[in-house]
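Close look at the chain arrangement
As a plain string of letters, each chain reads:
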Amino acid sequence: MAGIAQIAEQLGVQVTGCDDNVYPPMSTRLADAGIAVKKGYSPDCLDTDIDLAVIGNVLSRGNPLVESILERGLAYTSGAQWLHDHVLTRRNVIAVAGTHGKTTTASMIAWILSQANMDPGYLIGGQPGNFAKTAELGSSEWFVIEADEYDCAFFDKRSKFVHYHPHVAVLNNLEFDHGDIYDSVKDIKKQFHHLLRIVPPNGVVVANRDDRNVLDVLDRGCWSPVEFTSLRQHQADWHAKVLNRDHSRFDIYCKRQKVGSVNWQCIGAHNLRNALSAIAACHAAGVATDTACTALEDYIPAKRRLECLSKTKTLCLYEDFAHHPTAIRVTLEALRSKHPDSRVIAIIDPGSNTMSCGMHGDALGRSLKGADQAIFYVSRDLAWNPNAMKTKTPTLTCRNHEQVLEALQLNLADNTVIICMGNRSFDGVPAWLAQQLEPSC
């Protein structure tokens, strides 16, 4: 919603907004754009001369602001519908879908296109490292967007991405998530197939061949050319050969022919998969592979995507957006590959709707295998007890900042990596820890 507000402002629309909890980096971006944000959902937040209310999916019936909009008969729409009507119908859209990696892959694609002098528009759900803004209208025919399978609004329960009408659709991966609106992975596959149904015959679908659920979606029917990516199967259209342990150096192959090499600052197999998807998507947009590889060497990860907050001779503190067992697992694997001899402590904020309800079950416990210690930051009540979870990793539960710091100090060794993972504000814990622990050198 913050990105949509920025794009509307660039189109000359006077924009104001409100939210219950606004925090960086989005609060900073909105302030920089001159967009005022009011706290809370009082009907007083609405200007008397409002033309249109764009309502996010966090609001539902019973919310005082929603009730006021309906009672006054004001025009309203969802963010996804507004984008379609005012921006995307005039563009060639590259939509990045998947349970994991949407922000990173979309950021990579936007960066590659910009380095190819194509001046793309983009809407990214996090703060991309290579751009000052999270959203930009751009001047070219291309527009890059995260294609989220979450619903649009209380009055439109379809997935957001059905409004995006992509020319290039990227299917990175598919797992069960969003347990508050989906009952099973089968329901999510159905939504992903709705996305495939609207890719034109002259468009391209970039699909991860290593993901069984993605293949299941394609088996339901696809009417557009498919470009497969893989880290395992050399016969895929796009394949990568890893050159070092932490996946920061690799070669790119297209149709079994080496077409480029990348040496970059990212780590982990998951980021390599994202890069492969980004290169394939940009190739479909007309970007030469060597240009894409060169651009990735200067790619800066988005905020809260394995972001190093503090580093000393004996301690590294990272923050990541991981909030799903698979994302937690691959993030820990990436850190292990980068810091093989370090003690790894994972601090997890189980704030997502699915995790707070305990829907991930034992999968979450298994995902902690790469950590020597797991600390759950539980500042609000959960429907489950992290300390009762089945896992071989020792766990602790903390209720506030001070308890987290105390638990850390009891578990620090001479060579320690701390990773804070969660998709909400984390009550500022990562930044607070960066100040409390040994100063950066």
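As shown above, the structure is provided for reference.
This section reports on the structure supplied with the text. Note that the structure is predicted; figures quoted are calculated from it, not measured. (Residues numbered from 1 in each chain as written. Predicted model: local features only at pLDDT ≥ 70, side-chain atom pairs only at ≥ 80, totals over all residues. Heavy atoms only, no water.)

Turning our attention to the packing of aromatic side chains. Tallying each qualifying case throughout the model produces eight aromatic pairs. With a centroid separation of 5.5 Å and an interplanar angle of 85 degrees, the aromatic rings of Phe161 and Phe192 are classed as edge-to-face. Taken together, the residues Phe161 in the loop between strand E10 (156–159) and strand E11 (168–171) and Phe192 in helix H6 (residues 185–197) connect sequence positions 31 residues apart. A relative accessible area of 0% places Phe192 in the buried class. Where Phe250 meets Trp264, the ring centres are 5.6 Å apart and the plane angle is 80 degrees; that geometry is what we call edge-to-face. Pair noted here: Phe250 is in strand E15 (residues 249–254) and Trp264 is in the loop between strand E16 (257–263) and helix H8 (269–284), with a separation of 14 residues, a long-range link. (Phe/Tyr/Trp six-rings, centres within 6.5 Å; stacked < 30°, edge-to-face > 60°. Helix = DSSP H or I, 4+ residues; strand = E, 2+ residues; numbered from the N terminus. Buried < 20%, exposed > 50% of the residue type's maximum accessible area, 1.4 Å probe, protein only.)

What follows concerns the sheet that holds strand E18 (residues 315–320). One open sheet holds the six strands; their spatial order is E17-E18-E22-E19-E20-E21, and the pairing between them is mixed. Taken across any chain shown, the strands that pair with only one partner, and hence form the sheet edges, are strand E17 (307–311) and strand E21 (395–398). Taking each pair of neighbouring strands and ignoring which way they run, the sheet shows an average axis angle of 20 degrees. Where strand E19 (residues 343–348) and strand E22 (residues 416–421) come together, six bridges link them in parallel fashion. Bridged to Ala346 within E22 is Ile419. On top of the sheet, helix H13 (residues 401–411) reaches E19, strand E20 (373–377), E21 and E22; it is set at about 150 degrees to E21, its chief contact. (Pairing = 2+ DSSP bridges. Axes fitted to C-alpha atoms, helices over the stretch in contact; angles between N-to-C directions. Contact = heavy atoms within 4.5 Å.)

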